[in-house]
Amino acid sequence: PKASLRRRVRLCPSEFWVVITWAFLAFPWLSGSRVIPYDALDEFYPAAAFVAKSLLEGDSPFWNPWVFAGYPQIADPQGMTFSPGIVLPMLVSQSLVMFNWAIMLHVLIGGLGIARIGRSHGWSNAAVVVAATIFMFGAQASSRLQHVPMILTFAFLPWVLALLSQVFERRRWRDAAGLGRVTLQSH
C-alpha cells in the first residue's frame, strides 16, 4: 500500500502538467477570444443550444421546428441530444464560450486518458506530458476539432483502451462495468 501511494504521489506531476499544458494551449478558446470554427459553429452549436434551451423551457428537444419545415432532432446523432458532456454545460449558458469549454474539456479528458495509459506502462512524467499533448492538440484533435461528435468519441478512446487492458489483466466485474460506462459515454 505505501509503495502504491508513493507511486501515485510521484506520478501526480504528470497529470498536473497535462492540465497546465491543456489550459495554456486551449486558452484562446476557453477565454472566448477564438471560436471553434466551421461545423462546430454552424451546425453543432445551434443543435446543442436548441436542446439545452428546449430542456430549460420544458419543451421536448426531440423535434426542431427551426430546421427546414421541422426536423427530427432525436434521429440525428449530430444533434447531440443524448450527449451529456455537451448538453449539461449548455444548460448553464447557451453561449459559444460555454460550447468551446465543453469541447475543450473533452480534449482534456482524452489527454488524461493518455496519462493513465502512460502511468500503467511506467512512462516517465515527461513522456506522459508529451504523449498527452500530442493526443490533445495534434493529429485527429487539431484536424477535426470542428467535428464535435468525433471529438466526443476521440476523448474517451484512451479510457476505453486503458479499461479494456484492466479487464483482461484483472478480470474484475468493476473494471468491466467501468469499461461499459465509458463506452456508453463515448456514444
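The notes below deal with the structure included here. (Residues numbered from 1 in each chain as written. Predicted model: local features only at pLDDT ≥ 70, side-chain atom pairs only at ≥ 80, totals over all residues. Heavy atoms only, no water.)

## Observations concerning the packing of helix H4 (residues 96–120) against helix H7 (residues 148–170)
The N-to-C vectors of H4 and H7 enclose an angle of 20°; their axes lie 9 Å apart at closest approach. Looking at the two axes, H4 sits roughly parallel to H7. Crossing of H4 over H7 shows left-handed handedness. Judged by residue contacts, Phe99, Ile103, His106, Val107, Ile109, Gly110, Leu112, Gly113, Ile114, Arg116 and Ile117 of H4 engage Val148, Ile151, Leu152, Ala155, Phe156, Pro158, Trp159, Leu161, Ala162, Leu163 and Gln166 from H7. The class makeup of the residues in the contact of H4 with H7 is 17 nonpolar, four polar and one charged. (Axes fitted to C-alpha atoms, helices over the stretch in contact; angles between N-to-C directions. Helix = DSSP H or I, 4+ residues; strand = E, 2+ residues; numbered from the N terminus. Parallel < 35°, antiparallel > 145°, perpendicular 65-115°, else oblique. Left-handed = near helix turned anticlockwise from the far one by under 90°. Contact = heavy atoms within 4.5 Å. Nonpolar A, V, L, I, M, F, W, Y, C, P; charged D, E, K, R; others polar.)

## Comments concerning the packing of aromatic side chains
For the structure on display, the rule yields five aromatic pairs. When the centroid spacing of 5.2 Å and the interplanar angle of 80° are considered together, the rings of phenylalanine 16 and tryptophan 17 count as edge-to-face. With a relative accessible area of 48%, phenylalanine 16 lands in the partly exposed category. Overall, the relative accessible area of 46% leaves tryptophan 17 in the partly exposed class. (Phe/Tyr/Trp six-rings, centres within 6.5 Å; stacked < 30°, edge-to-face > 60°. Buried < 20%, exposed > 50% of the residue type's maximum accessible area, 1.4 Å probe, protein only.)

## Regarding the nonpolar core
Counting residues in each nonpolar core, the largest one holds 35 residues, and the members touching the most others are Ile86, Phe99 and Val148. Elements that contribute at least two residues to this core include exactly helix H1 (2–30), helix H2 (39–57), helix H3 (84–92), H4, helix H5 (125–137) and H7. It is H4 that contributes the most residues to this core, nine residues altogether. Core analysis: the second largest hydrophobic core is formed by seven residues, Ala155, Phe156, Leu179 and Val182 among them. (Core = buried A, V, L, I, M, F, W, Y, C linked by side-chain atoms within 4.5 Å.)

## Points about the packing of H2 against H3
One way to put it is that H2 packs onto H3 with a least axis distance of 9 Å and a crossing angle of 60°. Our classification of the angle between H2 and H3 gives oblique. The handedness of the crossing between H2 and H3 comes out as right-handed. Residue-level inspection shows Tyr45, Ala48, Ala49, Val51, Ala52, Leu55 and Leu56 of H2 in contact with H3, the latter providing Ile86, Val87, Met90 and Leu91. Its residues assigned to classes, the contact of H2 with H3 shows eleven nonpolar, no polar and no charged.

## Examining the side chain of glutamine 73
Relative to the assigned elements, glutamine 73 resides in the loop between H2 and H3. For glutamine 73, a relative accessible area of 2% gives the class buried. At 3.5 Å, the side chain of glutamine 73 and the side chain of asparagine 64 are in polar contact. Once residues within four sequence positions are removed from consideration, glutamine 73 is found in contact with Ala47, Phe50, Val51, Pro61, Phe62, Trp63, Asn64, Gly79 and Thr81. (Polar contact = N/O pair within 3.5 Å; in protein donor to acceptor, adjacent residues only side chain to side chain.)

## As for H7
For H7, spanning 23 residues, the distance from its first C-alpha to its last is 34 Å, which sits close to the expected 33 Å at 1.5 Å a residue. Maximal helix bending in H7 amounts to about 30°, located at leucine 157; proline proline 158 follows within four positions. In the stretch just after H7, arginine 171 is the one whose phi turns positive, near 55°. (Expected span 1.5 Å × (residues − 1). Bend = angle between axes of the 7 residues up to and from the residue.)

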